[in-house]
Amino acid sequence: MASRIVRSARSGKPASICLALWFAVGLSAQQAAAASDPQEVAQGFYGVLLSTMRDGRSLGQSGRYAKLVPVVNRTFDLAFMARLAVGASWATLAPAQQQRLTEAFGNYVSATYADRFDTYSGEQLEVTGERPYGSDIMVQTKIVKSNGETTTLDYLMRQNQGAWQISDVYLDGTISQVAVQRSEFSSILRREGVDGLIMALNCKVDLLRSVARSS
């Protein structure tokens with residue numbers, strides 16, 4: 001079809017040119033609409049995750065991490081998640097500290113996925129539906145191992161500047177990742193402050209990489 005449109009446009013026929021432009025604009029609009037759908041966002045993330053798993057051994061931990069960083073950065077609302085995980089202390093931080101903490105938090109999320117989803121053994125990553133969650137959307141998914149064992153992961157999606165992004169992950173539909181992190185972060189913040197938390201997150205990334213290299 002694309003070749004027919006190109007030939008018609010070259011022939012100089014106004015109607016054909018308009019048709020070609022309409023088709024191109026319509027396709028772009030459809031792609032934009034699909035990208036803004038919460039389930040499509042989760043499906044796109046799972047697609048990259050599966051690809052990374054299939055190439056996991058050849059990529060190694062660093063390769064998987066490098067592949068996942070840009071995907072995590074655009075799929076997760078990292079600044080929002082970091083703010084929730086830090087809690088009330090976030091408002092006391094300078095903008096530069098908030099930026100550094102968000103970057104360290106994002107790197108930790110990427111390294112965690114690179115470590116946990118390191119190889120492919122027939123797993124299925126499935127998006128099964130969604131439900132309203134206040135003004136947000138909870139996207140329901142499951143991970144099915146080759147032996148049939150199933151893990152349920154729900155992704156809480158919120159709109160950020162017109163795009164749907166992940167703002168929390170719920171294991172078995174009940175255990176909030178952000179709530180767990182907030183509990184972990186609070187003790188570090190009390191003892192060592194924001195610089196200590198940033199250092200701790202960076203150390204966790206380095207530890208995940210070293211464990212992967214030695215395994």
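Note that the structure is a prediction, hence the values are computed from the model and not measured.

Criteria and cut-off values
By convention here, each chain's residues receive numbers from 1 onward along its written sequence. Predicted model: local features are reported for residues with pLDDT of at least 70 only, side-chain atom pairs are reported and counted for 80 or more only, and whole-chain, interface and lining totals are derived from all residues. Calculated side-chain values reflect all of the structure's heavy atoms, with hydrogen atoms and water omitted. We call a set of buried residues a nonpolar core when its members are Ala, Val, Leu, Ile, Met, Phe, Trp, Tyr or Cys and they connect through side-chain atoms within 4.5 Å of each other. When a residue's accessible area, from a 1.4 Å probe over protein chains only, is under 20% of the maximum for its type it is buried; when over 50% it is exposed; and in between it is partly exposed. Secondary structure elements follow DSSP: runs of H or I no shorter than four residues count as helices, runs of E no shorter than two count as strands, and numbering proceeds from the N terminus. Residues count as neighbours in contact if any of their non-hydrogen atoms are within 4.5 Å of one another. Classification of ring pairs rests on two measures: the distance between centres of Phe, Tyr or Trp rings, Trp counted by its six-membered ring, which must be within 6.5 Å, and the angle between planes, read as stacked under 30 degrees, edge-to-face over 60 and tilted in between. Lysine and arginine charges are scored as sitting over a ring when NZ or CZ, respectively, is within 6 Å of the ring centre and within 35 degrees of the ring normal. A residue's pLDDT is the predictor's confidence in that residue, given on a scale from 0 to 100. Strand pairing is assigned whenever DSSP detects at least two bridges linking the two strands. Comment: axis = line fitted to C-alpha atoms, over the contacting stretch for helices; angle = value between 0 and 180 degrees taken between N-to-C directions. These descriptions rest on fixed angle ranges, namely under 35 degrees for roughly parallel, over 145 for roughly antiparallel, 65 to 115 for roughly perpendicular, and the rest for oblique. Three classes are used, and their members are as follows: Ala, Val, Leu, Ile, Met, Phe, Trp, Tyr, Cys and Pro are nonpolar, Asp, Glu, Lys and Arg are charged, and the others, Gly among them, are polar.

Asker: Explanation requested: the nonpolar core in the structure shown.
Answerer: Most often, soluble globular proteins have nonpolar side chains that are buried together. In terms of nonpolar packing, the biggest core is built from 51 residues, with F45, Y46, F76, L101, Y113, Y155 and M157 touching the most fellow members. Counting residues per element, this core draws most heavily on helix α7 (residues 177–214), at 10 residues. Apart from the residues within four sequence positions on either side, Y46 is in contact with L125, E126, V127, T141, I143, L153 and Y155.

Asker: I'm lost on the packing of aromatic side chains in this one. Help?
Answerer: Pairs of aromatic rings are described using the distance from one ring centre to the other and the angle between the two planes. Per the stated rule, a full pass over the model turns up 7 aromatic pairs. Ring centres of F105 and F185 lie 6.3 Å apart, and the angle between their planes is 90 degrees; on these two criteria the pair is classed as edge-to-face. Here the residue F105 occupies a position in helix α6 (residues 95–116), and F185 occupies one in helix α7, the gap between them amounting to 80 residues. When the centroid spacing of 5.7 Å and the interplanar angle of 20 degrees are considered together, the rings of Y113 and F117 count as stacked. The rings of F45, Y46, F76, Y113, F117 and Y155 are connected pair by pair, giving a single aromatic cluster. Just above the ring of Y120 sits the side chain of R54; from NZ or CZ to the centre is 4.6 Å. Against the face of F80 rests R158, its NZ or CZ located 3.9 Å from the ring centre.

Asker: So what exactly am I meant to see when it comes to the environment of K67 here?
Answerer: Position of K67 relative to the elements: it lies in helix α4 (residues 56–75). Here K67 falls in the partly exposed class, since its relative accessible area comes to 29%. Sequence separation between K67 and L49 is 18 residues; the distance between their C-alpha atoms is 9.1 Å. Not counting residues within four places of it along the chain, the set of residues in contact with K67 comprises S51, T52, D55 and L59.

Asker: Which parts of the structure should I look at to understand the confidence of the model for the chain?
Answerer: Detailed reading of predicted coordinates is not advised where the pLDDT is low. Overall, the prediction assigns the chain a mean pLDDT of 85, with 80% of residues at 70 or greater. Below a pLDDT of 50 lies the segment residues 1–35, which in the model reaches 9 contacts outside its immediate sequence neighbourhood of four places, other chains included.

Asker: Honestly, the pairing of strand β4 (residues 163–171) in this entry has me stumped. Any pointers?
Answerer: Two faces make up the sheet, and in a regular strand the side chains alternate between them. In terms of burial, β4 is a largely internal element, 7 of the 9 residues being buried. Where strand β3 (residues 150–160) and β4 come together, 8 bridges link them in antiparallel fashion. Looking at β4, one finds that L153 is bridged to L171. Joining the antiparallel neighbours β3 and β4 is a turn of 2 residues, in which Q161 adopts a positive phi near 55 degrees. With 2 bridges joining them, β4 and strand β5 (residues 175–176) adopt antiparallel strand pairing. Residue pairing in the sheet places Y170 in a bridge with S176 of β5. In sequence, β4 turns back onto β5 through a hairpin of 3 residues, with D172 there showing a positive phi of about 55 degrees.

Asker: Mind showing me how you'd approach unusual backbone geometry here?
Answerer: In the Ramachandran plot, Q161 falls in the positive-phi region, its phi being about 55 degrees despite a non-glycine side chain. Although it is not a glycine, D172 adopts a positive phi angle of roughly 55 degrees.

Asker: Sorry, what's going on with the pairing of β3 here?
Answerer: Pairing between strand β2 (residues 136–144) and β3: 8 bridges, direction antiparallel. In the sheet register, I137 faces β3, and the bridge partner there is M157. Joining the antiparallel neighbours β2 and β3 is a turn of 5 residues, in which G148 adopts a positive phi near 95 degrees.

Asker: Is there a simple way to think about the packing of helix α5 (residues 78–86) against α6 in this case?
Answerer: Two numbers describe a pair of packed helices, the interaxial angle and the distance between the axes. Taken N-terminus to C-terminus, the directions of α5 and α6 make an angle of 100 degrees; their axes are 9 Å apart at the nearest point. Between α5 and α6, the angle falls in the class roughly perpendicular. Contact with α5, carried on its side by L78, A79, M81, A82 and V86, involves L101, T102, F105, G106 and V109 of α6 and no other residues of that element. By residue class, the composition of the contact of α5 with α6 is 8 nonpolar, 2 polar and no charged.

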